[in-house]
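An overview of the molecular structure
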Amino acid sequence: MGWALVMLITLSLQSVTILIILEFFPLLKASPHAVATIGFVALGGLALLALLGFRLCGCRISLWSTFFAVVTWSAAIDLVLALALVDKTNLGRFYMETGEEYFKSSWGFGALLWDGTAHYVIQLYLAFATLFDRPRRVAGLLWAGSIINSMPVLLLGAATGAFSSTIKPSTALNAPYVAVPIIYVANLLSLPEKQSKQAKKSQRSTTPNPLDATNAFKVCAWATLHAIAVILHVWRGAVALSCQAPLAESWRLTFDPVLADPARPSYGFARLQCLVYFFYYAPFHAWTAYNLVVKKSPLASMSDASIFVAGGYAQAQATYLGCVLFEWVSFGPLAANDGVKTEAVML
């Protein structure tokens with residue numbers, strides 16, 4: 001079991017090995033098509049190495065454990081790219097020119113940093129848990145919610161924002177993240193949930209009782225918070241769609257400055273995130289409030305959906321905070337000695 005964990009970590013660290021090798025072959029990283037081809041070949045090679053490693057460790061070979069081993073390697077790559085963006089390393093700097101240029105933004109930096117830290121840890125755990133049939137429902141739902149939230153914002157934000165004219169073949173490397181998390185959620189929900197006696201007792205205790213004042217207060221409080229979330233997401237959706245009302249203009253300048261200037265590199269991403277909140281998160285909060293107040297559903301009955309949405313919120317807020325706290329001042333061609341300067345902006 002310990003050797004399997006060591007093997008998974010070692011596989012992920014091959015990201016650094018590949019980037020170092022590319023430093024000695026400039027021609028391989030000079031062309032967008034060459035970079036994309038290397039990316040796909042590396043993903044396939046890592047999958048084969050993972051299968052070989054599982055066999056050597058005597059583990060049960062699993063499609064999901066192989067997938068999570070490969071994306072853990074990808075997350076390690078993203079951490080190196082995030083460090084390259086803030087001039088902590090020269091490894092991988094070419095990728096922001098011949099790979100995915102939209103990472104040259106504060107939103108891109110936040111997305112890379114989240115993937116290289118939070119996603120790395122969760123994916124490493126999911127690979128390990130899948131190999132040894134450990135509990136993974138909560139971690140899997142958090143991961144899927146985070147990935148499913150990030151992909152449309154990142155890809156559509158890049159396609160419609162300041163980087164729409166710079167889309168390159170390496171963008172296709174994100175393809176597995178578009179469909180696989182949805183399939184994984186369906187797979188997770190089809191598995192019988194393992195619950196301890198204490199968990200079942202806790203679930204029964206969260207069923208609202210109309211005669212219980214404490215439960216009634218709890219339900220009203222949660223329903224109120226969900227209603228506030230619906231109003232906020234609808235309002236920010238209107239603001240993102242360029243509502244011209246004086247209050248909307250004031251909101252953009254005071255609370256969401258990234259939405260005030262379409263020329264800002266992160267504008268397209270922030271706008272898409274607000275629209276995702278409007279079209280998907282607002283209905284979730286409305287559905288939850290309805291279930292709590294009208295259908296008197298127990299809080300625990302909505303735990304899976306809540307965990308999934310929490311994963312999306314975590315990714316969105318971590319990325320958005322990076323976006324509003326830092327703004328790229330200058331980001332010229334990524335030569336070896338070029339620095340990346342950042343400045344804090346007031347909220």
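Please refer to the structure placed before this passage.
Residues numbered from 1 in each chain as written. Predicted model: local features only at pLDDT ≥ 70, side-chain atom pairs only at ≥ 80, totals over all residues. Heavy atoms only, no water.

So, on to the nonpolar core. Core analysis: the largest hydrophobic core is formed by 76 residues, its most contacted members being Leu 8, Phe 54, Phe 68, Tyr 95, Trp 143 and Phe 269. Top element by residues in this core is helix 3 (residues 63-85). It accounts for 15 residues. Residues contacting Phe 54, with those up to four places away along its chain left out, are Met 7, Leu 8, Cys 59, Ile 61, Ser 65, Thr 66, Ala 69 and Leu 131. (Core = buried A, V, L, I, M, F, W, Y, C linked by side-chain atoms within 4.5 Å. Buried < 20%, exposed > 50% of the residue type's maximum accessible area, 1.4 Å probe, protein only. Helix = DSSP H or I, 4+ residues; strand = E, 2+ residues; numbered from the N terminus. Contact = heavy atoms within 4.5 Å.)

What the rule picks out here adds up to 19 aromatic pairs. Between Phe 67 and Phe 68 the ring centres are 5.3 Å apart and the planes differ by 70°, which places this aromatic pair in the edge-to-face class. An identical accessibility class is assigned to Phe 67 and Phe 68; each is buried. Seen in terms of ring centroids, Trp 107 and Phe 269 are 6.3 Å apart; in terms of plane orientation they differ by 15°. Their pairing is stacked. Here Phe 269 lies in helix 11 (residues 267-293) and Trp 107 lies in helix 5 (residues 106-131), a separation of 162 residues in the sequence. Judged by relative accessible area, Trp 107 falls into the buried class, the value being 2%. One aromatic cluster in this structure is built from Trp 64, Phe 67, Phe 68, Trp 143 and Tyr 184. One Lys or Arg, Arg 236, reaches over the ring of Tyr 320 and ends 5.3 Å from the middle of that ring. (Phe/Tyr/Trp six-rings, centres within 6.5 Å; stacked < 30°, edge-to-face > 60°. Lys NZ or Arg CZ within 6 Å of the ring centre and 35° of its normal.)

Within the chain, Asp 133 stands out as a residue other than glycine whose phi angle is a positive 55°. Examined against the element boundaries, Asp 133 turns out to sit in the loop between helix 5 and helix 6 (137-160). Phi at Ser 242 takes a positive value of approximately 65°, unusual for a residue other than glycine.

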